[in-house]
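# Understanding the architecture of this molecule
Chain residues, written in single-letter form:
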Amino acid sequence: MQVSRRTQAERTAATRTALIAAGRRLFAEHGFAGVGTETIVSEAGVSRGALYHQFGDKTELFAEVLADVEGEITKRLAAEMFADADAAGDFVSLMMRSAEGWLEACQQPDVQRIVLLDGPSVLGWARWRGICQANVLGLIEGVLARGVRDGVLLPLPVRPLAHLLLAVADEAALYVGAALEPNVARRDMVAIIRPLIEALTQAERSIITPPEGA
């Protein structure tokens, strides 16, 4: 009986993984509105009933795809932010590595289409931001909270500041993505973001305590 349950769990996980992977490829290439459920299940190699059983409908699958993309970006950003042990505690350096990593990630077509363009319109702002909250927004909020705690960041309300900075990052990514010369646009945005971040800091202090395990 235990072997049977494990096998069923493995089959369920494999089906979900296949549907999310297929959805990510198709949503990135054609957009949410341009993809039908038949195309998704055919690409995933599963039945239509499997899609409805696992996710309920195409919108719920899209939400899982968005969470998958956001989670992947967050892991990458966290790794990049704290990769340099010597600079890991420098607040401005942390935030700039985050901003540059985000702009780089958003030059990928799947991230641009799924996260920035279709995400808010398909799921609505509140749910879209809720998924972001558990991923990239949550990462930024954590760094800001440590900055305030350590006296590096001006004592500003952390959550609205995190939303504001992510809105800046989203608009910067859209600007770079639409630019005829994206490398130039990205360089310009980085040059603009740096003084904004620096203006949020306490001039006399610049080091924050890195998270445990970083």
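Scope of this entry: the structure provided in the associated data block. These numbers come from a predicted model, not from an experiment.

Analysis parameters
- Residues numbered from 1 in each chain as written.
- Predicted model: local features only at pLDDT ≥ 70, side-chain atom pairs only at ≥ 80, totals over all residues.
- Heavy atoms only, no water.
- Salt bridge = Lys/Arg side-chain N within 4 Å of Asp/Glu carboxyl O.
- Helix = DSSP H or I, 4+ residues; strand = E, 2+ residues; numbered from the N terminus.
- Buried < 20%, exposed > 50% of the residue type's maximum accessible area, 1.4 Å probe, protein only.
- Patch = residues over 30% accessible without salt bridge, like charges linked within 9 Å, V, L, I, M, F, W, Y side chains within 5 Å.
- Areas by Shrake-Rupley, 256 points an atom, 1.4 Å probe, with all protein chains shown as cover.
- 1 Å grid on protein atoms, 1.4 Å probe; cavity = no way out; pocket = protein on both sides within 12 Å on 5 of 7 lines; lining within 4 Å.
- Points joined across faces, edges and corners; volume = space filled by probe spheres on them.
- Nonpolar A, V, L, I, M, F, W, Y, C, P; charged D, E, K, R; others polar.

## Details of the pattern of salt bridges
Within the structure shown, the criterion is met by 15 salt bridges. Between E72 and R76 there is a salt bridge, with its nearest N and O atoms 3.4 Å apart. Of this pair, E72 and R76 both sit in helix 4 (residues 58-81), four residues apart, which is roughly one turn of the helix. E198 is paired through a salt bridge with R194; the nearest N and O atoms lie 3.9 Å apart. On the criterion of helical spacing, the pair formed by E198 and R194 is a turn pair, its members being four residues apart in helix 10 (residues 182-198). E198 gets classed as partly exposed once you look at its relative accessible area, which sits at 38%. Judged by its relative accessible area of 36%, R194 falls in the partly exposed class.

## Some remarks on a nonpolar patch on the surface
Side chains of L164, V168, I192 and L196 sit close together on the surface and give an oily, nonpolar patch of about 350 Å² of accessible area. Elements with a minimum of two residues in the nonpolar patch: helix 9 (158-178) and helix 10. Within the fold, L196 resides in helix 10.

## Structural notes on the layout of surface pockets
Each pocket or cavity is described by its volume, and for the largest pocket that value is around 250 Å³. Around the largest pocket sit 16 residues that line it, and M95, L165, L166, A169 and I197 are the ones nearest its centre. The set of elements that each furnish at least two residues to the lining of the largest pocket consists of helix 5 (91-105), helix 8 (136-149), helix 9 and helix 10. Here the element with the most residues in the lining of the largest pocket is helix 9; it accounts for six residues. For the lining of the largest pocket, the class distribution of residues is 15 nonpolar, one polar and no charged.

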